[in-house]
Amino acid sequence: MKGAVAAMLAVVRAVAETDTTPAVPLGFVFSSDEETSGGETLRDGLDTFPSSPSACLIGEMTGTSARPSVAVADKGSIWLTLAATGEGAHGSWPMLGANAIDRLYDTADSLRSELQAVEFDLHPAVERILTESVAYYAPTVGEDAARSMLQHPTVNLGTMHGGEAVNSVPTAATADIDIRLTASVPTASVLERIRAFVAERQGVEIQSTDWSEGTYEPLGRPLVEAVQTVSEAVTGERTFARSATGGGDAKALRNDGLSTVEFALGTETAHAVNERTTRQAICQTAQISAHLPAEFDSSSTEA
């Protein structure tokens, strides 16, 4: 994100120093709570503008200079905490107890199999995005895995806690599970399926849930086409319009009726220990951001 911030500040400076009047009014908001599913900082920033914006570009790193893309959809999510109880016993006599960790892991593993067998019925507009997305992700994970990631839920067992000592049967355990759903899939219906599944498991219950609906910007919208046109002119490469694998502030803005995409050039190191960008990526992101207002104005007029 620091690379995208640098690119945006370069645009602000260029506009100020050249006394340029952009084709459309520009506003910039810098927030820090996206990773914690906040969104309020961004909304508060938008509220300071003299008029409501018609579109928003979030500077999320979405591709490289050699393989650029614009994220036009975010996944829905279910963050689920499961809690299990058991019956204590000495570790040398496990058959006399009921292992809470075993119960919990068996439930989590079975739930993963249950959900990954679900095939989504996607909105036609999202089906078009899926085709672009598979083409974008296939070189990294393979076409089958890329398609499965978008046509079925992804399920990740993120944390598990339980037990007091190696020589005792644990009486309590908790686990956090991250479930992602492609845009247009009703999260509430999947959550009800999860509730029904867990209700059938002995000694396991849902302790808490946090969930959101996925959102998308249809292909062909002025903002999407403007970003693709300018990106391809600057990089000389096809710019894919694809779904993100996770979700961020774009969901909150689209739900507020604001046309929103995520775009910035960088490297394939997001969330890695050596996350980084390049000078070329920053410079090209700045070029694209500087030319975007005029292209967006032209695309909106034509639309």
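Look above for the structure.
Just so we're clear, the structure is a prediction, and the values are computed from it rather than from any experiment.

Definitions and limits used
Residues numbered from 1 in each chain as written. Predicted model: local features only at pLDDT ≥ 70, side-chain atom pairs only at ≥ 80, totals over all residues. Heavy atoms only, no water. Helix = DSSP H or I, 4+ residues; strand = E, 2+ residues; numbered from the N terminus. Buried < 20%, exposed > 50% of the residue type's maximum accessible area, 1.4 Å probe, protein only. Areas by Shrake-Rupley, 256 points an atom, 1.4 Å probe, with all protein chains shown as cover. Axes fitted to C-alpha atoms, helices over the stretch in contact; angles between N-to-C directions. Parallel < 35°, antiparallel > 145°, perpendicular 65-115°, else oblique. Left-handed = near helix turned anticlockwise from the far one by under 90°. Contact = heavy atoms within 4.5 Å. Salt bridge = Lys/Arg side-chain N within 4 Å of Asp/Glu carboxyl O. Core = buried A, V, L, I, M, F, W, Y, C linked by side-chain atoms within 4.5 Å. Patch = residues over 30% accessible without salt bridge, like charges linked within 9 Å, V, L, I, M, F, W, Y side chains within 5 Å.

*Asks:* Sorry if this is basic, but what is going on with the overall build of the protein here?
*Replies:* Counting secondary structure elements, the protein contains nine helices and eleven strands. Once the C-alpha set of the protein is aligned to its principal axes, its extents read approximately 80 × 35 × 35 Å. Scored against the burial criterion, the 303 residues of the protein give a buried share of 43%. Of the accessible surface of the protein, which amounts to about 15600 Å², a share of 50% is contributed by carbon and sulfur atoms.

*Asks:* What exactly am I supposed to notice about the packing of helix H1 (residues 2-18) against helix H9 (residues 279-302) here?
*Replies:* In a pair of packed helices, the angle between the axes and the distance between the axes together describe the arrangement. Closest axis-to-axis distance for the H1/H9 pair is 8 Å, and the angle between their directions is 50°. The pairing of H1 with H9 is recorded here as oblique in orientation. The two elements H1 and H9 meet at a crossing, and its hand is right-handed. Where H1 approaches H9, its residues Gly3, Ala6, Ala7, Ala10 and Val11 are matched on the opposing element by Ile282, Thr285, Ala286, Ser289 and Ala290.

*Asks:* Can you help me understand the pattern of salt bridges in this one?
*Replies:* Across all of its chains, the model carries eleven salt bridges by this definition. The residue arginine 195 makes a salt bridge to glutamate 192 at a minimum N-O spacing of 3.7 Å. Of this pair, arginine 195 and glutamate 192 both sit in helix H6 (residues 187-199), three residues apart, which is roughly one turn of that helix. Residue classification places arginine 195 among the partly exposed positions, given a relative accessible area of 35%. The closest approach of N and O atoms between glutamate 217 and arginine 254, which form a salt bridge, is 3.9 Å.

*Asks:* Looking at this structure, I do not really get the environment of glycine 142. What am I missing?
*Replies:* Among the structural elements, glycine 142 can be located in the loop between helix H4 (124-141) and helix H5 (143-151). Through-space distance from the C-alpha of glycine 142 to that of serine 298 is 37 Å; in sequence the pair is 156 residues apart.

*Asks:* Is there a simple way to explain the nonpolar core in this structure?
*Replies:* Considering soluble globular proteins, one finds that nonpolar side chains tend to be buried as a cluster. With 52 residues, the main nonpolar core has Val72, Ile78, Leu80, Ile177, Ile179 and Ile194 as its most contacted residues. The element best represented in this core is H4, accounting for six residues. In this structure isoleucine 179 touches Gly76, Ser77, Ile78, Leu80, Leu115, Pro153, Thr154, Val155 and Ile194, once residues within four positions along its chain are discounted. Listed in part, the seven residues of the second largest apolar core include Leu42, Leu46, Ile58 and Leu258.

*Asks:* Looking at this structure, I do not really get a nonpolar patch on the surface. What am I missing?
*Replies:* On the surface, Leu9, Val12, Leu26, Phe28 and Phe30 cluster together into a nonpolar patch covering about 400 Å² of accessible area. In this fold, leucine 26 is placed in the loop between H1 and helix H2 (40-46).

Just geometry here; none of it tells us what the structure is for.
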